[in-house]
Amino acid sequence: MAGRADARCVAAALFGGLHALVQAGRDDGLAAVFAGRVTEQAEIIATLERVLAEHEAALLPWLDGPPQTNEPGRSAALLLGLIEIARRHGPRIELLEIGSSAGLNLLIDRYRFDLGGTFYGPADSPVTITPEWGGPPAPVVPLEIVSVRGCDVQPLDATDPTVAARLAAYVWPETPERLVRVRAAIAMQVERGVDLVQADAADWIEARLAEPQEAGVTRVLMHSVVWQYLPEPVAERIRAAMKAAGARASAERPLGWVMMEPDRALGHQVVRARSWPGSGEWATVATAHAHGTWVDTGAESGDALPSVALPEAARVRV
């Protein structure tokens, strides 16, 4: 399974490099393939073989690291988890995100959201996220995100034009609306940056949980499509740190954990929330597309859906 996952990452990285050539206007023949003007398999293969030979120097660096599918749309699904935490413990939230990459989800307090007809976020935001909706709309719950911080083992500076072009290349050509949104989110960072640092996720969370917590504010760990990439010792340290902090949590200083992570048995992302004081059990609040294209809060989402039997090594367990 690991080998197949690595192969998928290499294929996605190569596709990103090819798309970057198209977006930069560097190969008209490849652009015709991407635009669907070339449909004959033999011609497509011949074009790719030529492009790989002619643009080898430009394409090879794309294979040096994993693909970067930064997606503001995931914020809509994550917000449902934050709404659930606010419903339980009060409106004020201190948000800590691991695996932030370029920090586009760190703008979650600045985006506008239409969650099935329920609106959150500033009305004048340059980015409004409106996923296709299934199930009941999001509840109306007072919510105030008082601070947002994030870390990544290799953070990206979205305000760097080279990085911005790389992020845009990983937006697939059949979803032009995503490209518009990613570029608008990057422009928001250019106007006002985000609090994003380079750090090991476990080191950073342990340090943040040790900091004094303001009374009346819920401290929340948040992540999306990250857990499967964490080395198990790092994941276990985060679990242990959250368990210890949960034991210390009080009604005055609660602790929450919100995630959007893949359930391969279901074939999509599951949004879950847990908090302390309380049982600390995970509650499923929605399922979602990997890029947040759709969100489903219905009774047939999440754990209620029939699943595919998977080997243990294929499961993503938080």
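Reading guide: rules and limits
Residues numbered from 1 in each chain as written. Predicted model: local features only at pLDDT ≥ 70, side-chain atom pairs only at ≥ 80, totals over all residues. Heavy atoms only, no water. Axes fitted to C-alpha atoms, helices over the stretch in contact; angles between N-to-C directions. Helix = DSSP H or I, 4+ residues; strand = E, 2+ residues; numbered from the N terminus. Parallel < 35°, antiparallel > 145°, perpendicular 65-115°, else oblique. Left-handed = near helix turned anticlockwise from the far one by under 90°. Contact = heavy atoms within 4.5 Å. Nonpolar A, V, L, I, M, F, W, Y, C, P; charged D, E, K, R; others polar. Buried < 20%, exposed > 50% of the residue type's maximum accessible area, 1.4 Å probe, protein only. Pairing = 2+ DSSP bridges. Right-handed = clockwise from strand over helix to strand, strands pointing away.

Now for the packing of helix 8 (residues 201-209) against helix 9 (residues 232-248). Two packed helices can be described by the angle between their axes and the distance between those axes. For the pair helix 8 and helix 9, the least separation of the axes is 8 Å and the interaxial angle reads 10°. Viewed along their axes, helix 8 and helix 9 adopt a mutual orientation that is roughly parallel. As for the relative orientation of helix 8 and helix 9, their crossing is left-handed in sense. Along the contact surface, helix 8 presents A201, A202, D203, E206 and L209, while helix 9 presents V234, R237, I238, A241, M242, A245 and R248. Tallied by class, residues from the contact of helix 8 with helix 9 come to eight nonpolar, no polar and four charged.

Burial of strand 9 (residues 255-263) is extensive: nine of the nine residues sit out of reach of the surface. Taken together, the six bridges between strand 8 (residues 218-224) and strand 9 define a ladder with parallel strand orientation. Bridging across to strand 9, V220 finds its partner in G256. The parallel pair strand 8 and strand 9, bridged by helix 9, forms a crossover whose chirality is right-handed. Looking at chain direction, strand 9 and strand 10 (residues 268-276) are connected through nine bridges and run antiparallel. Paired with G256 across the two strands is S275, which belongs to strand 10.

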